[in-house]
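Working through the structure, step by step
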Amino acid sequence: MKIKRFEFNMFPVNCYLLADETKEAVIIDAGCYYKEEQQRLKNFVAEQQLTVKHLLNTHLHADHLFGNAFAAREFGTAPEASRQDEFLLSGIASFCKSFGFPLNEEPAPLGHYIADGEIIRFGNTELKAISVPGHSPGSLVYYCEKEHCMFSGDTLFKGSIGRADLEGGNFDDLRENIASRLFVLPDNTLVFPGHGNETSIGYEKMNNPFFR
């Protein structure tokens, strides 16, 4: 599996595009607010001759879905996320206003609810959805056992964890769920977060200050 990371600039957010030898692909967290960023994503898919099978969200905070409507139109696949986060879509415009910028486009509605433990398939690759509430009620991590990696959204970062003071967040739940649902995975599992640089489960178990 090949992993392409795009860092988009409104709230420097990592968008990931995963593809395997079949040329089927998934997009995780299309946070492309600006037209230029959307064009970068479109161009890469075209240049690599990829077929996007899934448009996944780790959670539904605004910075992770600014490009959902664009990607849904461009690639013909509706966004997928946890039902528990769907309520956040109605507050996206207010979120943008509070930070002093306009909403670029109304968010696309979800086309599929992803459940805990669900397997997302593309080509010869499988991702397992792991529910890790705390940053938001419906936060999901996408785990690829074969490739020893996960895409953690705003749940787990290098040396940190997600904030829990936004609507529906809960610090105790976040910390407990990371420990019980993510730290049980192999230490060599790479963690690709929604912001910042990659890390590993082993490194975070030993060094993350929230778990000492």
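Preceding block: the structure.
Read on for a plain summary of the structure. (Residues numbered from 1 in each chain as written. Predicted model: local features only at pLDDT ≥ 70, side-chain atom pairs only at ≥ 80, totals over all residues. Heavy atoms only, no water.)

All right, on to the overall build of the protein then. Secondary structure assignment for the protein yields five helices and 14 strands. Against the globule reference of 17 Å for 212 residues, the protein gives a C-alpha radius of gyration of 16 Å, in line with a compact fold. Over its C-alpha atoms, taken along the principal directions, the protein stretches across nearly 45 × 45 × 25 Å. A burial count over the protein gives 52% of its 212 residues as buried. Of the contacts formed within the protein by residues at least 6 apart in sequence, a portion of 65% connects residues at least 24 apart. (Helix = DSSP H or I, 4+ residues; strand = E, 2+ residues; numbered from the N terminus. Rg over C-alpha atoms; globule rule 2.2 N^0.38 Å. Buried < 20%, exposed > 50% of the residue type's maximum accessible area, 1.4 Å probe, protein only. Contact = heavy atoms within 4.5 Å.)

Backbone hydrogen bonds hold the strands of a sheet together, and the pairing may be parallel or antiparallel. Taken in spatial order, the six strands make up an open sheet running E1-E2-E3-E4-E5-E6, and their pairing is mixed. Edge positions in the sheet fall to strand E1 (2-8) and strand E6 (112-113), since each of these pairs with one other strand and no more. Each of E1, strand E2 (13-19), strand E3 (24-28) and strand E4 (51-56) is contacted by helix H1 (residues 35-47), which is oriented at about 165 degrees to E1, the strand it contacts most. (Pairing = 2+ DSSP bridges. Axes fitted to C-alpha atoms, helices over the stretch in contact; angles between N-to-C directions.)

Moving on to the pattern of salt bridges. Pairs can form between side chains of opposite charge whenever their charged atoms are close. A full pass over the atoms with the stated rule returns six salt bridges. Across the pair Arg73 and Glu105 runs a salt bridge, and its minimum N-O distance is 2.4 Å. Here Arg73, found in helix H2 (residues 68-75), pairs with Glu105, found in the loop between helix H3 (92-98) and E6; they are 32 residues apart in sequence, far enough to count as distant. Classification of Arg73 as exposed rests on a relative accessible area of 51%. For Arg181, the salt bridge identified is with Asp116, shortest N-O distance 3.0 Å. Highlighted residues: Arg181 in helix H4 (residues 171-182) and Asp116 in the loop between E6 and strand E7 (119-122), separated in sequence by 65 residues. Taking relative accessible area as the criterion, Asp116 reaches 42% and is therefore assigned partly exposed. (Salt bridge = Lys/Arg side-chain N within 4 Å of Asp/Glu carboxyl O.)

To continue, consider the environment of Val45. Considering the arrangement of structural elements, one finds Val45 in helix H1. Taking C-alpha positions, Val45 is 9.3 Å from Phe75, a pair spaced 30 residues apart along the chain. If sequence neighbours within four positions are ignored, Val45 has contacts with Leu17, Leu50, Val52 and Phe75.

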